[in-house]
There are 2 protein chains.
Amino acid sequence: MKKDTGKTKYILLGLMAKRPQTGYSIKKSIEYEFRHFWQESFGQIYPTLKILVDQGFAETSETETTQNGRRTITYTITERGQAELQRWLSEVPDVEKLRYEILLKVSFGTTTEPEIIDQHLDAFIARNEASLAEMEGFLTVFKDLEVHRTDILGSELTALCGKYLYTAMKDWAMEAKKRISDQKELQNETKNP
Amino acid sequence: MKKDTGKTKYILLGLMAKRPQTGYSIKKSIEYEFRHFWQESFGQIYPTLKILVDQGFAETSETETTQNGRRTITYTITERGQAELQRWLSEVPDVEKLRYEILLKVSFGTTTEPEIIDQHLDAFIARNEASLAEMEGFLTVFKDLEVHRTDILGSELTALCGKYLYTAMKDWAMEAKKRISDQKELQNETKNP
DNA sequence: CTGCTAATGTATCATAATGATATATTAGCA
DNA sequence: TGCTAATATATCATTATGATACATTAGCAG
């Protein structure tokens with residue numbers, strides 16, 4: 001009987017609050033704006049949309065065939081859905097969950113395989129620099145838009161978070177490389193005095 | 001037939017490579033050292049340990065009753081397990097997965113509920129400051145240890161990553177608070193000129 | 001105008017991960 | 001003596017992930 005949906009429910013409601021959405025457009029929106037901090041799969045999105053309708057938080061304007069002839073189901077948030085979104089917003093957010101595989105490798109491999117770890121760190125730095133550039137691109141776009149447009153502040157703060165995060169991770173990786181190479185030198189000195 | 005175990009397998013192997021472990025000690029080790037960047041549940045650990053034995057990557061020295069009389073199963077990494085660990089170490093690590101619920105709330109709520117978001121950000125800052133202090137505590141301990149001990153470099157780099165991360169997140173949240181309050185002021189000015 | 005690929009769209013499934021809970025023993029402490 | 005916390009193994013329902021299947025259409029190259 002207890003049909004709940006974890007956190008997926010709320011990102012769907014939040015996106016529907018901006019405009020009606022299809023399952024596909026929700027997936028694309030998350031990939032575009034939240035990819036770096038949140039991810040959802042079709043396997044979560046479609047079933048959750050159905051549950052939201054069951055619970056009265058969303059409505060379908062099922063246009064079996066759109067102007068193009070392609071079958072689409074558009075979901076719109078209801079008033080109850082709006083209320084549910086507000087209720088969730090006022091709750092204290094959960095502690096964030098991270099899974100940094102590179103950290104496991106660094107931790108387990110620095111002493112045995114310093115060269116490999118060094119390569120991983122190089123790739124990690126490149127990846128973080130790319131993300132950083134993406135975030136700065138967003139921020140430039142937002143800055144160019146009208147100052148008084150309040151509806152973009154949310155997106156701006158998301159990009160800003162990315163900027164801080166990716167800068168920090170890049171800096172960490174550079175420092176890590178240095179410490180690993182320092183250690184290697186130290187070991188060489190002890191061997192060949 | 002295809003019995004795989006995702007990433008859980010490798011953190012278990014990595015920890016077993018340091019010393020033989022029980023399921024419980026693995027859980028505690030992860031909570032102690034990797035909590036901030038990786039988490040595993042008993043629901044993953046115990047079944048995975050069995051699979052590792054099946055696959056020949058670990059061995060049990062099943063002491064049905066230890067010195068204390070409590071039943072424990074100690075798992076030791078095998079040579080095959082060591083090889084598997086090395087194989088994984090040399091693979092390019094996956095892109096990290098994050099789930100920052102606060103970011104969703106900030107994104108969906110800044111304009112409609114600025115006061116609530118401000119409170120969430122305060123709590124977020126406090127939480128990140130606490131984690132930062134924890135990381136700095138670790139780093140102090142490591143610095144006090146012998147310089148030539150290479151086996152702690154991994155742990156040190158983990159803590160350092162935390163230091164960078166939590167500093168960045170704290171700074172972001174402070175900046176976010178400022179921008180939200182700036183926006184509120186702007187709105188008030190337009191209302192009462 | 002034909003054929004190819006990419007994008008849009010809905011949907012499911014096996015696998016993996018989470019969180020809670022059950023069970024039992026022992027250590028420490030008031 | 002009785003309480004709570006820690007140690008230890010284990011399972012289960014719920015959630016989440018990643019891959020795949022299927023169908024249509026838009027755009028483009030030959």
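Residues numbered from 1 in each chain as written. Chains lettered and ligands numbered in written order. Predicted model: local features only at pLDDT ≥ 70, side-chain atom pairs only at ≥ 80, totals over all residues. Heavy atoms only, no water.

Draft legend 1. The arrangement of the side chain of Lys9 of chain A in detail. Residues and elements named next belong to chain A. By the element assignment, Lys9 lies in helix H1 (residues 8–18). Reaching out from Lys9, the side chain makes a polar contact with the side chain of Glu84 at a distance of 3.4 Å. Beyond its immediate sequence surroundings of up to four residues, Lys9 is in contact with Asp4, Thr48, Leu52, Gln55, Phe57 and Glu84. (Helix = DSSP H or I, 4+ residues; strand = E, 2+ residues; numbered from the N terminus. Polar contact = N/O pair within 3.5 Å; in protein donor to acceptor, adjacent residues only side chain to side chain. Contact = heavy atoms within 4.5 Å.)

Draft legend 2. How the structure looks around the protein's contact with DNA strand C. Near DNA strand C there are 26 residues, and of these Tyr46 and Ile73 of chain A together with Asp4, Ser41 and Gln44 of chain B occur at the shortest range. Backbone atoms, meaning sugar and phosphate, form 66% of the atoms of DNA strand C found within 4 Å of the protein. Interatomic distance of 3.2 Å between a backbone N/O atom of Gln39 of chain B and a phosphate oxygen of DNA strand C. Of all the secondary-structure elements, those providing two or more residues to the surface near DNA strand C are helix H2 (23–34), helix H3 (42–54), strand S2 (72–77) and strand S3 (97–99) of chain A together with helix H3 (42–54) of chain B. Looking at the surface near DNA strand C element by element, the count peaks at four residues for H3 of chain A. Class assignment for the residues of the surface near DNA strand C results in four nonpolar, 13 polar and nine charged. (Near = heavy atom within 4 Å. Nonpolar A, V, L, I, M, F, W, Y, C, P; charged D, E, K, R; others polar.)

Draft legend 3. Structural detail: the packing of aromatic side chains. Following the criterion strictly, the structure yields 18 aromatic pairs over all chains and no others. When the ring of Phe138 of chain A is compared with that of Phe142 of chain A, the centres are 6.3 Å apart and the planes differ by 10°; the resulting orientation is stacked. On the criterion of helical spacing, the pair formed by Phe138 of chain A and Phe142 of chain A is a turn pair, its members being four residues apart in helix H6 (residues 114–144). Of the two residues, Phe138 of chain A and Phe142 of chain A, both sit in the buried class. For the pair Tyr10 of chain B and Trp88 of chain B, a centre-to-centre distance of 5.1 Å together with 5° between the ring planes defines the contact as stacked. Separated by 78 residues along the polypeptide, Tyr10 of chain B in helix H1 (residues 8–18) and Trp88 of chain B in helix H4 (residues 79–90) bring together distant segments of the chain. The two residues Tyr10 of chain B and Trp88 of chain B agree in class, both being buried. These aromatic residues form a ring-pair network of at least three members: Phe37 of chain A together with Tyr100, Phe124 and Trp172 of chain B. Positioned over the ring face of Phe42 of chain A is Lys27 of chain A, at 5.2 Å from the centre of the ring. (Phe/Tyr/Trp six-rings, centres within 6.5 Å; stacked < 30°, edge-to-face > 60°. Buried < 20%, exposed > 50% of the residue type's maximum accessible area, 1.4 Å probe, protein only. Lys NZ or Arg CZ within 6 Å of the ring centre and 35° of its normal.)

Draft legend 4. Region of interest: H3 of chain B. Residues and elements named next belong to chain B. For H3, spanning 13 residues, the distance from its first C-alpha to its last is 18 Å, which sits close to the expected 18 Å at 1.5 Å a residue. Those residues of H3 lying buried are Ile45, Thr48, Leu49, Ile51 and Leu52. All buried residues of H3 project into a common sector of 165° when viewed along the axis, lining one side. Relative to its buried face, H3 has exposed residues pointing more than 90 degrees away, namely Gly43, Lys50 and Asp54. (Expected span 1.5 Å × (residues − 1). Arc of directions from axis to C-beta.)

Draft legend 5. Structural context of the protein's contact with DNA strand D. If you check the shell around DNA strand D, you find 25 residues, and the closest are Asp4 and Gln44 of chain A together with Tyr46, Ile73 and Lys97 of chain B. In the interface set of DNA strand D, defined as its atoms within 4 Å of the protein, sugar plus phosphate atoms amount to 68%. Within the residue set of the surface near DNA strand D, elements represented by two or more residues are H3 of chain A together with helix H2 (23–34), H3, strand S2 (72–77) and strand S3 (97–99) of chain B. With four residues, H3 of chain B is the largest single contributor of residues to the surface near DNA strand D. For the surface near DNA strand D, the residue count by class is four nonpolar, 13 polar and eight charged.

Draft legend 6. Region of interest: the relation of the copies chain A and chain B. Once chain A is rotated about the relating axis by 180° and shifted along it by 0.0 Å, it coincides with chain B to within an RMSD of 0.0 Å. Expressed as a symmetry operation, the mapping of one chain copy onto the other fits a two-fold axis. Residue Leu98 of chain A, judged by its C-alpha, is the member of chain A lying nearest the rotation axis, at 2.2 Å. When the interface residues of chain A are mapped onto chain B, 100% of them again lie at the interface, so the same face is used by both copies. (Least-squares fit on C-alpha atoms with pLDDT ≥ 70 in both.)

Draft legend 7. Region of the structure containing the packing of H1 of chain A against helix H4 (residues 79–90) of chain A. All names here are of chain A. Interaxial distance between H1 and H4 falls to 10 Å at its minimum, and their mutual angle equals 120°. When the interaxial angle is binned, H1 and H4 end up oblique. Crossing of H1 over H4 shows left-handed handedness. For the pair H1 and H4, contact is made by Lys9, Tyr10, Leu13, Gly14 and Ala17 and by Gly81, Gln82, Glu84, Leu85, Arg87 and Trp88, respectively. The class makeup of the residues in the contact of H1 with H4 is five nonpolar, three polar and three charged. (Axes fitted to C-alpha atoms, helices over the stretch in contact; angles between N-to-C directions. Parallel < 35°, antiparallel > 145°, perpendicular 65-115°, else oblique. Left-handed = near helix turned anticlockwise from the far one by under 90°.)

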